[in-house]
Amino acid sequence: MRGKWHRLNQLTKLILVALVILGVGAAIPLTVQRMDMESSSKQIEYVFDYRDLIEVSEYQSRPQQFLEENLQLLKDAGITTMSVYESSLKELMQAGRLTYYNEKDAALLQGKFPDERTHFTYVLFTGPEEERLIAPIIKDALDTFQVSYSPWSFEGRKGLVIEQASADVVLKPMDYDPMTLQTLKEFGFNILPRPTDRIPYDSEKAAAQLNRLKQYGVKRLLFDGDKATGAADQAELKSLDSFGELLNQENIGLVAIENLKKPQQGINKLAFITDYNVARLYSLSPEDSAEMTKEGIADRFLLAAKDRNIRMFFLNTMIKQNPQRTGLIHSADKLASIMGGENGVIEQLTEAGFPPGEAQAFTYSVPSWDKPLRAVVALGAVAIIALLIAAFIPAVIIPVFVLGLIGSAGLFVLNSSLLEQGLALGAAVAAPTLGVIWVLNRIYARTIGDRRMVGGEVWTESPSVSESGQETKWIFPNQSIKRRFGLALNWFIVATLISLSAVPLVTGLLNNITYSLVLEQFRGVSVLHFAPIILVAIYVFFYSTNSFGGVIKRIRGALSQPITVLWVCIAVVLAAVGLYYLSRTGNAGKVSAIELLIRNWLESSFGVRPRFKEFMLGHPPMLLGLFLALRYRASWLLIIAGVIGQLTMVSTFTHIHTPFYISSIRTLLGLGTGLIIGCLFIAVWLVLEGAWRKWMPKNVMKKVSA
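Residues numbered from 1 in each chain as written. Predicted model: local features only at pLDDT ≥ 70, side-chain atom pairs only at ≥ 80, totals over all residues. Heavy atoms only, no water.

Let's shift gears to the overall build of the protein chain. When helices and strands are counted, the protein chain shows 31 helices and 17 strands. A burial count over the protein chain gives 47% of its 706 residues as buried. Sequence-distant contacts in the protein chain: of pairs separated by 6 or more residues, those separated by 24 or more amount to 76%. For the protein chain, the exposed area adds up to about 34,800 Å²; of that, 61% sits on carbon and sulfur atoms. (Helix = DSSP H or I, 4+ residues; strand = E, 2+ residues; numbered from the N terminus. Buried < 20%, exposed > 50% of the residue type's maximum accessible area, 1.4 Å probe, protein only. Contact = heavy atoms within 4.5 Å. Areas by Shrake-Rupley, 256 points an atom, 1.4 Å probe, with all protein chains shown as cover.)

Of all hydrophobic cores here, the largest spans 75 residues; its most connected members are Leu16, Ile384, Ile443, Leu626 and Ile639. The element contributing the most residues to this core is helix α19 (residues 416-444), with 15 residues. One finds Ile191, Ile267, Ala271 and Leu315 within the second-largest nonpolar core, a separate group that totals 67 residues. (Core = buried A, V, L, I, M, F, W, Y, C linked by side-chain atoms within 4.5 Å.)

Attention now moves to the pairing of strand β6 (residues 157-162). Sheet topology places strand β4 (residues 121-125) next to β6; four bridges connect them, and they run antiparallel. The residue bridging valine 123 from the neighbouring strand is leucine 160, located in β6. Alignment of strand β5 (residues 149-154) against β6, held across six bridges, turns out to be antiparallel. Bridge assignment links proline 151 to a residue of β6, and that residue is leucine 160. Between β5 and β6, which pair antiparallel in sequence order, lie two residues; one of them, glutamate 155, sits at a positive phi of approximately 50°. (Pairing = 2+ DSSP bridges.)

Moving on, we come to the confidence of the model for the protein chain. Of the residues in the protein chain, 81% have a pLDDT of 70 or more, and the chain-wide mean is 82. Counting contacts from residues 446-476, a segment whose pLDDT is below 50, to residues more than four positions away or on other chains yields 58 contacts. (pLDDT = per-residue confidence, 0-100.)

It is worth spelling out the sheet that holds β4 at this point. Strand order across the open sheet formed by four strands is β3-β4-β6-β5, with antiparallel pairing between neighbours. The open sheet is flanked by β3 (98-101) and β5, the only strands paired with a single partner. Mean inter-strand twist for the sheet, computed between neighbouring axes without regard to direction, equals 25°. Across four bridges, β3 lies against β4 in antiparallel orientation. Across the sheet, the residue bridging to threonine 99 is leucine 124, located in β4. (Axes fitted to C-alpha atoms, helices over the stretch in contact; angles between N-to-C directions.)

So, on to the side chain of asparagine 70. Within the secondary structure, asparagine 70 is located in helix α3 (residues 63-77). Taking the relative accessible area as the measure of exposure, asparagine 70 reaches 7% and is therefore buried. Residues within four places of asparagine 70 in sequence aside, it is in contact with Leu53, His330, Ala332 and Asp333.

Most of helix α21 (residues 502-509) sits out of view: eight of its eight residues are buried. Listed in full, the buried residues belonging to α21 are Ala502, Val503, Pro504, Leu505, Val506, Thr507, Gly508 and Leu509.

On to unusual backbone geometry, then. One non-glycine residue, glutamate 155, adopts positive backbone phi at about 50°. As for its placement among the helices and strands, glutamate 155 is situated in the loop between β5 and β6. Given the relative accessible area of 71%, glutamate 155 is considered exposed. In this structure, asparagine 309 takes a positive phi of about 55° despite not being glycine. Relative to the helices and strands, asparagine 309 is located in the loop between α14 (294-307) and β11 (312-315). Taking relative accessible area as the criterion, asparagine 309 reaches 1% and is therefore assigned buried.

As a further point, take the pattern of salt bridges. Using the criterion set out here, one finds 15 salt bridges in the structure. In this structure, lysine 219 engages glutamate 358 in a salt bridge whose closest nitrogen and oxygen atoms are separated by 3.0 Å. Here glutamate 358 lies in the loop between α16 (345-351) and α17 (370-392) and lysine 219 lies in the loop between α9 (203-215) and β8 (220-221), a separation of 139 residues in the sequence. Taking the relative accessible area as the measure of exposure, lysine 219 reaches 41% and is therefore partly exposed. Here aspartate 241 ties to lysine 269 by a salt bridge, and the two come within 3.6 Å at their closest N and O atoms. (Salt bridge = Lys/Arg side-chain N within 4 Å of Asp/Glu carboxyl O.)

Another aspect to go through is a nonpolar patch on the surface. Taken together, Trp5, Leu8, Leu11, Leu14 and Ile15 make up a surface patch of nonpolar side chains, about 480 Å² in accessible area. Looking at the secondary structure, you find isoleucine 15 in helix α1 (residues 2-38). Accessibility expressed as a relative area gives 45% for isoleucine 15, which makes it partly exposed. (Patch = residues over 30% accessible without salt bridge, like charges linked within 9 Å, V, L, I, M, F, W, Y side chains within 5 Å.)

One open sheet accounts for seven strands, arranged β7-β2-β1-β11-β10-β9-β8; its pairing is parallel. Strand pairing shows two members of the sheet lacking a second neighbour, β7 (190-194) and β8, which therefore form its edges. Here strand β9 (residues 253-257) pairs with strand β10 (residues 278-284) via four bridges, running parallel. Residue pairing for β10: isoleucine 257 is matched across the bridge by leucine 281. Against the sheet, helix α8 (residues 178-186) contacts β2 (81-85) and β7, and its axis sits at roughly 180° relative to β2. Those strands touched by helix α15 (residues 332-339) are β1 (45-49), β10 and β11, and its axis lies near 170° from that of β1.

What follows covers the environment of isoleucine 397. With respect to the helices and strands, the residue isoleucine 397 is situated in helix α18 (residues 397-414). Other than its neighbours up to four places away in sequence, isoleucine 397 contacts Asn9, Thr12, Lys13, Leu16, Ala386, Leu387 and Ala390.

Attention now moves to the packing of aromatic side chains. Scanning the entire structure with this criterion turns up 11 aromatic pairs. With centroids separated by 6.4 Å and ring planes inclined at 50°, the aromatic side chains of phenylalanine 223 and phenylalanine 243 adopt a geometry described as tilted. Taken as a pair, phenylalanine 223 in the loop between β8 and α10 (234-237) and phenylalanine 243 in helix α11 (residues 239-250) lie far apart in primary sequence, 20 residues in all. Take phenylalanine 243: its relative accessible area is 2%, and that puts it in the buried class. Geometrically, the ring pair formed by phenylalanine 653 and phenylalanine 660 is tilted, given 5.4 Å between the ring centres and 50° between the ring planes. No difference in accessibility class separates phenylalanine 653 from phenylalanine 660, as the two residues are buried. Connected via pairs of aromatic rings, a cluster forms that spans Tyr46, Tyr282, Phe301 and Phe313. Arginine 484 extends its terminal NZ or CZ atom over the ring of phenylalanine 627, reaching a point 4.2 Å from the ring centre. (Phe/Tyr/Trp six-rings, centres within 6.5 Å; stacked < 30°, edge-to-face > 60°. Lys NZ or Arg CZ within 6 Å of the ring centre and 35° of its normal.)

Now the structure itself:
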């Protein structure tokens, strides 16, 4: 009975391998579909923050002249769009539309004593046109917040008395300044409004506002703050559904901001309603705009456009003290010089295949064969996860696979997105782990009587190598360097192919525009970067035996070991290494100055930068470890370290917002560079080994070889 179950398990393993291959094949059309989508939008839109320009103008001797000159300067440089915010009393005063006073200042203006019983706000419009266009905006906002007001005038200028303290009134959001919109339109700029969710949602007012904005040629909205318009009232009013339908009626899309800690609340819902009419935006901070060089900004923008599907760049400026303390400076004119002109940032991105223009949403479709193929990919992912579990507990392969199918079906009904992410993470962990385990099994080989087959050759057991006689060591044949290198390279290639089998499974499962727009993300990055290393280490230390009973015996032996100071020190060192390794993971990973220099050189040399963890920390130790494994058992430590390269290849493709062809080039460059460096490591080892053998005493050599 036991033999039949074993044979059934072996047959199941072959079936699961076939299912993995089938899943990989099913993912290919999905990957091609994704690459078509990624190539459908290339135009880059350059946006400048108009509020920043207004604030800088306040410090100029002739603010209106400064505004006009800098608007023209930015327009000539190639900036196509100005962002505008919802108004407030403060911004309207900065723009020269009005002046407001508190109770004391208003009394001083009129030559009176202030009324200590009130703290009202007094508004005077600059002229009749301002009063005609701006007064309705202020009144509408005050009505919304139920603030009383009345007419007021002084020396022929009309205004309002607002029955609220100025410190409170200036916080009230108001509609966009129509005079600013008209000025920017006359200069030839596109307009990118920045609405908020600070005003209670009113569908009629929202419809009227979007209609007005559409008349100024508005194509997209960029929400200001952490919420999209209507997010706060969604539960009660279904305001996001209403606002999304209004956006569709006016054919207005959205903008998603890069590198937010979490997406703006409600934007995912609006993106779905608008059929993902979304462009991704990267914002250059005021500090960076003042300090970075043209080369630095060009490199950053090109990397963002090429590697992260960014199609809008948002430029900021600020006023700050001159380093020589001789006055105030800003970066608006510097940005105009950097962005425009010969070999400017815009020209460099144009030459790289990203011409300036209005940012367009990616064109995508969901064909009828999409869901069936993704179901096959999901089946392949369940299969490869079952194979990983079976590598450690072979007898459970059948029930694990069946439970995986049942659990996946149930999770699909509850939350299909969670199922996709869970299977993608499982496949991403399983493939590189299985690839290295396959290599370890070639090294461990299989027992044939009292002999062991390794790499097609018989290795013999050494008699009585321990006092108990229970453990054995293996006498490795003295193979040629060419033979050892050939086996190592062969094993490395096969392990890499097994690891890369996760790539189509992950990309097939996450083949959704929401991942390309980073509205959803691959989950479990830290798990992916640690789990394969830990699993391979467990396999090395506990599974290099011929029976499951031997595994149990080794685990019991490890658990019964006393904890010594040495073990504590080792644990501390490993924890420190793990923390450093974790700090290198993700978009916020920290890198050294030397590595930044290497990265920039690789980027300029190859156009695509291979990942440092692949070509330095992963592939070279793996190749060297495989080469040494035919002679030294301690080389397994290098193989464990080499798992980093295998899992990082898979991790590269979990960045779904990076175009697939970029990830492919990056991985191939990492493999090629890693193999070259690995060969250099082997050459250096052979030189050192030759010197060791020549100069060390023979009795020491025998002990080391043993």
